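The residues making up each chain are set out below.
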Amino acid sequence: MTDSNLNIAVLLLDLAEVYRPSPRFWGYKQASRAIRRYPRFLSEMSDQEILKIPAVGPASLRVVREYLDQGRSLTVERAIEQSGKGKDIEQREPFRRNFLSAAMVQHVLSEPKRGAVKREEYGGDFQMHSDGSDGSDSVASLARACMERGYRCMAVTDHSYGLPIAGGMSMEELRAQRAEITSLNKQYGSDFRVFQGVEANILADGQLDMKPTELKALDLVVASPHSSLRKTFDQTDRMLTAISLPGVHILGHPRGRVFNLRLGVIADWPRIFKQAASLGVAIELDGDVSRQDLDFRIATAAKKAGCLFALDSDAHAGDQLWMADYALAHARLAGIPADRVINCWPPDRILEWAATARNKN
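Procedures and definitions
- Residues numbered from 1 in each chain as written.
- Predicted model: local features only at pLDDT ≥ 70, side-chain atom pairs only at ≥ 80, totals over all residues.
- Heavy atoms only, no water.
- Buried < 20%, exposed > 50% of the residue type's maximum accessible area, 1.4 Å probe, protein only.
- Helix = DSSP H or I, 4+ residues; strand = E, 2+ residues; numbered from the N terminus.
- Pairing = 2+ DSSP bridges.
- Right-handed = clockwise from strand over helix to strand, strands pointing away.
- Axes fitted to C-alpha atoms, helices over the stretch in contact; angles between N-to-C directions.
- Parallel < 35°, antiparallel > 145°, perpendicular 65-115°, else oblique.
- Left-handed = near helix turned anticlockwise from the far one by under 90°.
- Contact = heavy atoms within 4.5 Å.

Quick notes on the pairing of strand β2 (residues 153–159)
Counting buried residues in β2 gives seven out of seven residues, a clear majority hidden from the surface. Note that strand β1 (residues 124–125) and β2 share two bridges and pair parallel. For G124, the partnering residue across the bridge sits in β2 and is C153. On the question of chirality, the crossover connecting β1 to the parallel β2 by way of helix α8 (residues 139–148) is right-handed. The sheet contact formed by β2 and strand β3 (residues 193–202) spans seven bridges and is parallel. Pairing of D158 across the sheet is with V198, part of β3. With helix α9 (residues 171–188) bridging β2 and the parallel β3, this β-α-β connection has right-handed handedness.

Here's the deal with the packing of helix α1 (residues 4–19) against helix α4 (residues 58–70)
Closest axis-to-axis distance for the α1/α4 pair is 10 Å, and the angle between their directions is 130 degrees. By the criterion of interaxial angle, the relationship of α1 to α4 is oblique. The handedness of the crossing between α1 and α4 is right-handed. Within the contact between the two elements, α1 uses S4, N7, I8, L11, L12 and L15 and α4 uses S60, V63, V64, Y67 and L68.

Regarding the environment of K113
By secondary structure assignment, the location of K113 is in the loop between α7 (102–110) and β1. You can call K113 partly exposed: its relative accessible area is 38%. Sequence-wise, K113 and G335 are 222 residues apart; in three dimensions their C-alpha atoms are separated by 7.7 Å. If near-sequence neighbours (up to four positions away) are discounted, K113 is found in contact with R332, L333 and G335.

Note that every value here comes from positions in space, so none of it alone points to a role or purpose.
Right, here's the structure in full:
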């Protein structure tokens, strides 16, 4: 099924680039974002309903209507041709590939797909950030939000101290957070479990910005790349080194891509997936709307390699936990079964699996 909302959003982004840096640039960019995140397909709506979407005005509606009627927009094509920015706009195409609009996410989650993980099987989110680093909510607030969604467990994974730009936590701060989590777990009993994790930064050589002994103090370690994400050289060895480190449980947002901004890490992903599968390291599908990393096409290769998966929201507040739906949608498109998704496992099984990762060679 064609993701018409995403295609329309991309057309509006192209039009925004034509008018950069004038006010029209911001107008079309905001309309594009609103449509990409709107939960209904515009093809099912009247023009009057479309105009009620925040930031969508008559000029954007013209592009919408042209696409829905003709599968293209002559308005956008003419504007690009007259601007002379065609080559620059064309170069952005890879940065928009294999993303899903909110409407497509809802469609994928609602459609039956035999053998693929279901929303009701999802029991916990294992990448989120509290006010300990760059999030806005306390651990207790995040836990309440997870329980409201019917989860059995969660992991708070604030940034490590080697990433100060994201408010990375010192070991002293992590120890204080551990005491808070222990108190919460006593309060919740068997109803809910909070794991203490961390999002460690993968350095250029594949090592992490934390010591191996420090990783052992945590329940779950997400290792993620946050640098060299626009480089055009191969970084396979960097990623292989990271997943081979004792204590690493999850390879977080592996490519580090961002919609319309960067392609992310270039690597031999099948080789990385094969190694991750042999080590029992989970590959993350990060649901952040702008990341959607890994996407369903690359995730399919990881599934074929035998990988485990973590489907996470990367939320920075309790009201962002819904972004896990994007990860679930990509997983369903890739046909990943629930037994390969650690978020669907009971808490005790997660801890048993995590213990083996601490001791891998």
